[in-house]
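Summary of the model geometry
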Amino acid sequence: TLPFPMADEVLFEFLHMEMITYVYKSLGQDDQSRNNLSKESYGTNTAARDENRVTLTLEHGKCISVLEGMGFRVGQGLIERYTKDTPSFKDDLDVMKFMCKDFWTHLFRKQIDNLRTNHQGTYVLQDNRFRLLTQISGGKQYLEEAPKFLAYTCGLMRGALSNLGVTCAVTAEISVIPACKFQVVIQRT
């Protein structure tokens, strides 16, 4: 790889940041509205503070869902393009290997660092330096803000897998920024 990111990589990172900002502002979940709600609840009774916390949590959940949905649609389109000339996959493990090597490389210019499975439909993909988290400082105070930076990618993966005939749930977990783990749980019918 080159020592400096290519222009299209930086543009994707900026676009990703702006998508997050747009979704949170359009759904009223930006920093200003959070500050206003916490100022309103300052000095009020516990029930009002709890109600404001619930409201913020619900709005945050809506934002995460919107970002995940955007990623889902993009993932569906991208996987069609990337698998156009690929022979069909023999099983779920084959699909996941493709996701870790080829799909991830197309998106982030590197392969997943580690793929683990329990051979019962659960896969854990680990990226030790996830590109969309590298802009965030490594302090523990940013861990609670980090999930919004992973929702789009969870959607990308779920959409791509969906188009490959794999129905699943994709979640992300962060213990130390910028490393993260994506857990794919395949839903058997």
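Below: a short report on this structure. (Residues numbered from 1 in each chain as written. Predicted model: local features only at pLDDT ≥ 70, side-chain atom pairs only at ≥ 80, totals over all residues. Heavy atoms only, no water.)

**Considerations on the environment of Ile112**
So the rule is basically this: Each helix is a run of DSSP H or I of at least 4 residues and each strand a run of E of at least 2, with the numbering of both proceeding from the N terminus. Residue contacts follow a heavy-atom distance rule, with two residues in contact if any of their heavy atoms lie within 4.5 Å.
Position of Ile112 among the secondary structure elements: in the loop between α4 (92-108) and β1 (114-117). Here the alpha-carbon distance between Ile112 and Gln126, two residues 14 residues apart in the chain, equals 6.1 Å. When near neighbours in sequence (up to four residues on either side) are disregarded, Ile112 contacts Cys100, Trp104, Leu125, Gln126 and Asp127.

**Overview of the environment of Asp92**
Position of Asp92 relative to the elements: it lies in helix α4. Once the C-alpha coordinates of Asp92 and Gly165 are considered, the two residues, 73 residues apart in sequence, prove to be 9.4 Å apart. Setting aside its immediate chain neighbours within four residues, Asp92 contacts Tyr123, Val166, Ile186 and Arg188.

**Some remarks on the nonpolar core**
Nonpolar side chains in soluble globular proteins tend to end up buried together. Note the cut-off: Nonpolar cores are built from buried Ala, Val, Leu, Ile, Met, Phe, Trp, Tyr and Cys residues. Side-chain atoms within 4.5 Å join them into one set. Partly exposed describes any residue whose relative accessible area lies between the buried limit of under 20% and the exposed limit of over 50%, with all areas from a 1.4 Å probe on protein chains only and scaled to the type maximum.
If you look at the biggest cluster of nonpolar residues, it comprises 43 residues, and the most contacted ones within it are Leu125, Phe130, Leu133, Phe182 and Val184. Elements supplying a minimum of two residues to this core: α1 (7-26), α3 (46-82), α4, β2 (122-127), α5 (151-163), β3 (168-173) and β4 (180-186). No other element matches the 9 residues that α4 contributes to this core. Apart from residues no more than four positions distant in its own chain, Leu133 is found in contact with Ala146, Phe149, Leu150, Ile174, Ile177, Pro178, Ala179 and Cys180.

**Describing the pattern of salt bridges**
We apply this condition: Whenever a carboxyl oxygen of Asp or Glu lies within 4 Å of a side-chain nitrogen of Lys or Arg, that contact is scored as a salt bridge.
Scanning the entire structure with this criterion turns up 5 salt bridges. With its nearest N and O atoms 3.2 Å apart, the salt bridge here joins Arg131 to Glu13. With Arg131 in the loop between β2 and α5 and Glu13 in helix α1, this pair connects stretches of sequence that are 118 residues apart. When its relative accessible area of 22% is taken as the criterion, Arg131 is described as partly exposed. When salt bridges with common partners are traced through the structure, they connect Lys110, Asp113 and Asp127 into a single cluster.

**Details of the packing of aromatic side chains**
Note the cut-off: Any two rings among Phe, Tyr and Trp, with Trp reduced to its six-membered ring, count as a pair given centres within 6.5 Å; such a pair is stacked if its planes are under 30 degrees apart, edge-to-face if over 60, and tilted if neither. Note on criteria: charge over ring means Lys NZ or Arg CZ within 6 Å of the ring centre, with the direction from the centre no more than 35 degrees off the ring normal.
All told, the structure shown has 8 aromatic pairs when counted by the stated rule. Their ring planes at 65° and their centres at 5.4 Å tell us that Trp104 and Phe182 sit as a pair that is edge-to-face. Residue Trp104 is located in helix α4, and its partner Phe182 is located in strand β4; the two are separated by 78 residues in the primary sequence. Both residues of the pair, Trp104 and Phe182, belong to the buried class. Members of the aromatic cluster, each reached through a chain of ring pairs, are Phe12, Trp104, Phe108, Phe130 and Phe182. Lying over the aromatic face of Tyr24, Lys148 brings its terminal NZ or CZ to 4.8 Å of the ring centre.

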